[in-house]
Amino acid sequence: MNADPLGPLRAQLAHTHPACAVRWVERTGSTNADLLAAARFGQLDSPTLLATRQQTAGRGRQGRVWLDDAQTSVLCSVAWPFPPQHDIRALSLAVGVWL
(Lines give C-alpha, C1' and ligand atoms only; values in the text may rest on other atoms or scores of the structure.)
Protein backbone atom coordinates (compact mmCIF):
# COMPACT_ATOMS: atom_id res chain seq x y z
CA MET A 1 0.00 0.00 0.00
CA ASN A 2 1.35 3.42 -0.96
CA ALA A 3 2.34 5.38 2.15
CA ASP A 4 1.38 8.70 0.52
CA PRO A 5 -1.40 8.26 -2.04
CA LEU A 6 -1.54 12.04 -2.46
CA GLY A 7 2.00 12.27 -3.83
CA PRO A 8 0.93 13.21 -7.38
CA LEU A 9 -1.51 15.85 -6.10
CA ARG A 10 1.11 17.22 -3.72
CA ALA A 11 3.65 17.48 -6.56
CA GLN A 12 1.20 19.26 -8.86
CA LEU A 13 0.13 21.75 -6.20
CA ALA A 14 3.77 22.47 -5.35
CA HIS A 15 4.09 23.95 -8.84
CA THR A 16 0.67 25.55 -9.32
CA HIS A 17 -0.32 26.55 -5.77
CA PRO A 18 2.79 26.40 -3.57
CA ALA A 19 1.00 27.98 -0.59
CA CYS A 20 -1.42 25.04 -0.31
CA ALA A 21 -0.59 22.26 2.12
CA VAL A 22 -1.67 18.67 1.45
CA ARG A 23 -1.68 16.37 4.44
CA TRP A 24 -2.38 12.63 4.61
CA VAL A 25 -3.22 10.50 7.64
CA GLU A 26 -3.93 6.81 7.41
CA ARG A 27 -6.79 6.93 9.93
CA THR A 28 -8.55 9.64 11.93
CA GLY A 29 -11.74 10.33 13.78
CA SER A 30 -12.73 13.21 11.51
CA THR A 31 -10.73 15.24 9.00
CA ASN A 32 -12.98 18.21 9.69
CA ALA A 33 -12.49 17.99 13.47
CA ASP A 34 -8.72 17.65 12.98
CA LEU A 35 -8.56 20.82 10.87
CA LEU A 36 -10.80 22.74 13.27
CA ALA A 37 -8.50 21.77 16.15
CA ALA A 38 -5.42 22.82 14.15
CA ALA A 39 -7.05 26.19 13.43
CA ARG A 40 -7.91 26.72 17.10
CA PHE A 41 -4.29 26.11 18.07
CA GLY A 42 -2.93 28.43 15.35
CA GLN A 43 -1.41 25.57 13.33
CA LEU A 44 -2.89 26.54 9.94
CA ASP A 45 -0.78 29.04 8.08
CA SER A 46 -2.14 28.32 4.61
CA PRO A 47 -4.99 26.59 2.80
CA THR A 48 -4.82 22.94 3.82
CA LEU A 49 -6.33 19.75 2.45
CA LEU A 50 -6.40 16.86 4.91
CA ALA A 51 -7.25 13.43 3.49
CA THR A 52 -7.45 10.00 5.05
CA ARG A 53 -8.06 6.39 4.16
CA GLN A 54 -10.44 5.82 7.09
CA GLN A 55 -12.65 8.05 9.25
CA THR A 56 -14.12 6.63 12.42
CA ALA A 57 -16.13 9.60 13.72
CA GLY A 58 -17.05 11.59 10.63
CA ARG A 59 -20.20 13.68 10.55
CA GLY A 60 -22.59 14.12 7.68
CA ARG A 61 -25.03 16.90 7.03
CA GLN A 62 -27.20 18.00 9.94
CA GLY A 63 -25.08 15.99 12.38
CA ARG A 64 -25.86 12.63 10.80
CA VAL A 65 -23.38 9.78 11.18
CA TRP A 66 -20.99 9.54 8.23
CA LEU A 67 -20.16 5.99 7.19
CA ASP A 68 -17.22 5.62 4.87
CA ASP A 69 -16.01 3.02 2.46
CA ALA A 70 -12.30 3.58 1.99
CA GLN A 71 -12.36 1.87 -1.39
CA THR A 72 -14.95 4.17 -2.98
CA SER A 73 -15.05 7.35 -0.87
CA VAL A 74 -13.04 10.54 -1.02
CA LEU A 75 -12.44 11.34 2.64
CA CYS A 76 -11.09 14.83 3.01
CA SER A 77 -11.67 18.32 4.37
CA VAL A 78 -10.25 21.67 3.31
CA ALA A 79 -9.43 24.53 5.66
CA TRP A 80 -8.75 28.01 4.36
CA PRO A 81 -7.60 30.43 7.05
CA PHE A 82 -8.59 34.07 6.57
CA PRO A 83 -7.18 37.06 8.41
CA PRO A 84 -9.50 38.16 11.26
CA GLN A 85 -10.40 41.44 9.53
CA HIS A 86 -12.06 39.63 6.58
CA ASP A 87 -15.86 39.30 6.75
CA ILE A 88 -16.55 35.85 5.30
CA ARG A 89 -20.03 35.22 6.67
CA ALA A 90 -21.51 34.79 3.17
CA LEU A 91 -18.69 32.61 1.84
CA SER A 92 -20.43 29.25 2.35
CA LEU A 93 -23.54 30.56 0.58
CA ALA A 94 -21.43 31.82 -2.34
CA VAL A 95 -19.59 28.50 -2.64
CA GLY A 96 -22.88 26.57 -2.47
CA VAL A 97 -24.37 28.68 -5.25
CA TRP A 98 -21.20 28.28 -7.33
CA LEU A 99 -21.29 24.49 -6.98
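This structure is a prediction, so every number in the text was calculated from the model and none was measured.

A. Expanded view of the state of the cysteines. In total, this model carries zero disulfides according to the counting rule given. Left without a disulfide partner, Cys-20 is nearest to the cysteine sulfur of Cys-76, which lies 13 Å away. The exposure class of Cys-20 is partly exposed, given its relative accessible area of 26%.

B. Spatial organisation of the pairing of strand E3 (residues 76–79). Residues Ser-77 and Ala-79 of E3 are buried on one face, while the alternating residues Cys-76 and Val-78, pointing to the opposite face, are not. As paired strands, strand E2 (residues 48–55) and E3 are joined by four bridges and run antiparallel to one another. Paired with Leu-49 across the strands is Val-78, a residue of E3.

C. Looking closely at the pattern of salt bridges. Considering all chains together, one arrives at two salt bridges under this definition. Ionic pairing is found between Arg-53 and Glu-26, a salt bridge with its closest N-O pair at 2.6 Å. Taken together, the residues Arg-53 in strand E2 and Glu-26 in strand E1 (residues 21–28) connect sequence positions 27 residues apart. Overall, Arg-53 belongs to the partly exposed group, its relative accessible area being 23%. Here Glu-26 falls in the partly exposed class, since its relative accessible area comes to 39%. Between Arg-89 and Asp-87 there is a salt bridge, and its shortest N-O distance comes to 2.7 Å. The residues Arg-89 and Asp-87 share a single accessibility class, namely exposed.

D. Just a nonpolar patch on the surface, in detail. On the surface, Val-78, Trp-80, Phe-82, Ile-88, Leu-91, Val-95, Trp-98 and Leu-99 cluster together into a nonpolar patch covering about 900 Å² of accessible area. The element that contributes the greatest number of residues to the nonpolar patch is helix H3 (residues 91–98), accounting for three residues. Position of Val-95 relative to the elements: it lies in helix H3. By relative accessible area, Val-95 is classed as partly exposed at 39%.

E. Fine view of the pairing of E2. In terms of strand pairing, E1 meets E2 through seven bridges, oriented parallel. By the bridge assignment, Arg-27 is partnered in E2 with Gln-54. Assessed by its sense of winding, the connection that carries the chain from E1 through helix H2 (residues 31–40) to E2 is right-handed.

Definitions and limits used
Residues numbered from 1 in each chain as written. Predicted model: local features only at pLDDT ≥ 70, side-chain atom pairs only at ≥ 80, totals over all residues. Heavy atoms only, no water. Disulfide = S-S within 2.5 Å. Buried < 20%, exposed > 50% of the residue type's maximum accessible area, 1.4 Å probe, protein only. Helix = DSSP H or I, 4+ residues; strand = E, 2+ residues; numbered from the N terminus. Pairing = 2+ DSSP bridges. Salt bridge = Lys/Arg side-chain N within 4 Å of Asp/Glu carboxyl O. Patch = residues over 30% accessible without salt bridge, like charges linked within 9 Å, V, L, I, M, F, W, Y side chains within 5 Å. Areas by Shrake-Rupley, 256 points an atom, 1.4 Å probe, with all protein chains shown as cover. Right-handed = clockwise from strand over helix to strand, strands pointing away.

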